[in-house]
Amino acid sequence: MNVPLLDLKEQNAALRPEIEAALGRVLDTNGFILGGEVAELECELAGYCGTKYAIGCASGSDAILLALMALDIGPGDEVITTPYSFFATVSSITRLGAVPVFVDIDPVTYNLDPALVESKITTRTKAIELVHLYGQCSDMDALAAISEKHGIPLVEDAAQAIGAEESGVRAGAMSSIGCFSFYPSKNLGGMGDGGFVTTNDDALAKKLLALRVHGSEERYYHKYVGLNSRLDGFQGAVLRVKLPHLDGWTDARRANAERYRQLFTDAGLTEQIGIPVERENAKHIYNQYVIRVPNDRDALRAFLTEKGIGTDIYYPVPLHLQECFAYLGYTDGDLPESEKAARETLALPIFPELRPEQQAYVVETIAEFYSEH
Ligand SMILES: *Cc1c(COP(=O)(O)O)cnc(C)c1O
């Protein structure tokens with residue numbers, strides 16, 4: 001049996017007639033850059049996230065960059081963040097000449113450990129950029145309390161967390177600015193690059209709208225040095241076809257996670273591997289289903305590959321140890337939980353169309369590995 005980590009073929013085939021019609025509408029209207037489809041999508045996304053504004057842009061990476069630019073983050077400023085995330089979480093900070101100040105993660109959720117944040121706050125701290133990793137929200141009550149106490153804005157890197165909730169509030173609606181990605185492997189994936197930001201703040205929205213078009217509120221009059229970061233009409237059209245299906249896909253991912261939990265428990269494997277833990281009040285959307293494998297992670301991965309099962313490691317090198325950030329002066333051992341997670345985590349297939357027999361095969365194959373090792 002073959003079980004890919006992610007297979008979009010079935011989803012795309014089911015939507016193909018609708019997607020082709022939507023692409024045709026863009027061709028007919030020439031709305032290639034932003035345009036009518038993107039404007040409609042932005043309204044629908046704001047409704048979905050429960051925010052006043054949703055503003056499309058060229059990628060999730062740009063969404064974070066735009067958010068930090070809107071908050072005036074620049075040279076000499078510090079941004080507290082996690083080293084256990086995708087590169088763009090941190091490159092957006094350094095690209096602006098600001099300094100990432102890394103705080104270690106909670107080993108259970110893999111998200112920023114709020115108990116470690118306060119001691120890193122200085123007079124130069126301009127934002128706390130948290131990540132809702134794998135699709136589960138960070139501990140927002142604790143982070144909001146720190147944010148309020150010190151008057152430091154929160155930015156959500158919600159690239160993996162569209163539709164995730166904390167106490168009934170959706171990702172993107174719990175901070176000054178939420179940042180999302182339409183990269184094809186995200187729960188709401190485009191057919192190319194794309195992203196968006198959310199906010200409830202009128203002034204920030206106005207600035208974000210300008211920043212994505214070279215910093216101009218009026219064409220050819222530049223208030224800021226912004227970016228060229230616009231969502232294109234074809235992506236807008238495709239995403240409008242997909243958005244109404246998102247909650248159904250999320251339900252299917254959650255059902256798959258529950259099936260894995262039962263299968264791993266029944267197979268007696270929860271001693272050898274750690275399965276995802278959902279925090280109380282949090283709705284996990286399982287962009288990734290990540291297990292912890294304290295021993296022989298790489299051997300298990302090789303075994304699964306040999307048996308036709310796709311896996312991946314998110315992420316093998318924590319950001320404080322990346323070559324390009326060596327100048328920040330961190331060394332091995334500085335952020336032990338992030339380093340341990342990088343050695344021990346393994347993502348298994350979780351996409352909505354995954355079949356129960358494929359999941360059973362994944363768990364049986366892991367059991368086979370442990371019976372041989
Ligand atoms: C995917 C992702 C991004 C970047 O999104 P792109 O659209 O690929 O630029 C940023 N942060 C996290 C946590 C991501 O998973």
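In this report, we go over the structure that sits alongside the text. (Residues numbered from 1 in each chain as written. Predicted model: local features only at pLDDT ≥ 70, side-chain atom pairs only at ≥ 80, totals over all residues. Heavy atoms only, no water.)

1. What to know about the site of the ligand
- Taken together, 16 residues are adjacent to the ligand, and Gly 60, Ser 61, Gln 160, Ser 181 and Lys 186 come closest.
- Note that an oxygen atom of the ligand is positioned 2.8 Å from one of the backbone N or O atoms of Gly 60.
- One of the side-chain nitrogen or oxygen atoms of Ser 61 is found 2.5 Å away from an oxygen atom of the ligand.
- Contact with the protein chains covers 93% of the free accessible surface of the ligand, which is 380 Å².
- Of all the secondary-structure elements, those providing two or more residues to the shell around the ligand are helix H3 (60-70) and helix H4 (88-95). (Near = heavy atom within 4 Å. Polar contact = N/O pair within 3.5 Å; in protein donor to acceptor, adjacent residues only side chain to side chain. Areas by Shrake-Rupley, 256 points an atom, 1.4 Å probe, with all protein chains shown as cover. Helix = DSSP H or I, 4+ residues; strand = E, 2+ residues; numbered from the N terminus.)

2. Remarks on the environment of Leu 263
- Looking at the secondary structure, you find Leu 263 in helix H8 (residues 246-266).
- Spatially, the C-alpha atom of Leu 263 lies 6.7 Å from that of Val 363, the residues being 100 residues apart in sequence.
- The residues contacting Leu 263, other than those within four sequence positions of it, are Gln 359, Ala 360 and Val 363. (Contact = heavy atoms within 4.5 Å.)

3. Some details on the environment of Ala 21
- Its place among the elements puts Ala 21 in helix H1 (residues 9-29).
- According to the relative accessible area criterion, Ala 21 is partly exposed, its value standing at 44%.
- C-alpha separation for the pair Ala 21 and Arg 230, spaced 209 residues apart in sequence, amounts to 22 Å. (Buried < 20%, exposed > 50% of the residue type's maximum accessible area, 1.4 Å probe, protein only.)

4. A few points about the sheet that holds strand S12 (residues 282-283)
- Strand order in the open sheet formed by three strands is S7-S6-S12, with antiparallel pairing between adjacent strands. Two strands bound the open sheet, and with one partner strand each, they are strand S7 (169-170) and S12.
- Judged from the two bridges that link them, strand S6 (residues 165-166) and S7 form a sheet pairing that is antiparallel. Bridged to Glu 166 within S7 is Val 169. (Pairing = 2+ DSSP bridges.)

5. Here we look at the packing of H3 against helix H6 (residues 202-211)
- Remark: H3 packs on H6, axes separated minimally by 10 Å, with the N-to-C direction vectors making an angle of 125 degrees. Here H3 is positioned oblique relative to H6, judged by the angle of their axes. Considering how the two elements wind past one another, H3 and H6 form a crossing that is right-handed. Residues Leu 66, Ala 67, Met 69 and Ala 70 of H3 touch H6, and the partners they reach there are Leu 204, Lys 207, Leu 208 and Leu 211.
- When the residues that make up the contact of H3 with H6 are grouped by side-chain class, the tally is seven nonpolar, no polar and one charged. (Axes fitted to C-alpha atoms, helices over the stretch in contact; angles between N-to-C directions. Parallel < 35°, antiparallel > 145°, perpendicular 65-115°, else oblique. Left-handed = near helix turned anticlockwise from the far one by under 90°. Nonpolar A, V, L, I, M, F, W, Y, C, P; charged D, E, K, R; others polar.)

6. Here we look at the pairing of strand S1 (residues 53-57)
- Taken across its five residues, S1 has four buried, putting it largely inside the fold.
- With five bridges connecting them, S1 and strand S9 (residues 195-199) associate as antiparallel partners. Looking at the pairing, Tyr 53 lines up with Thr 199 of S9.

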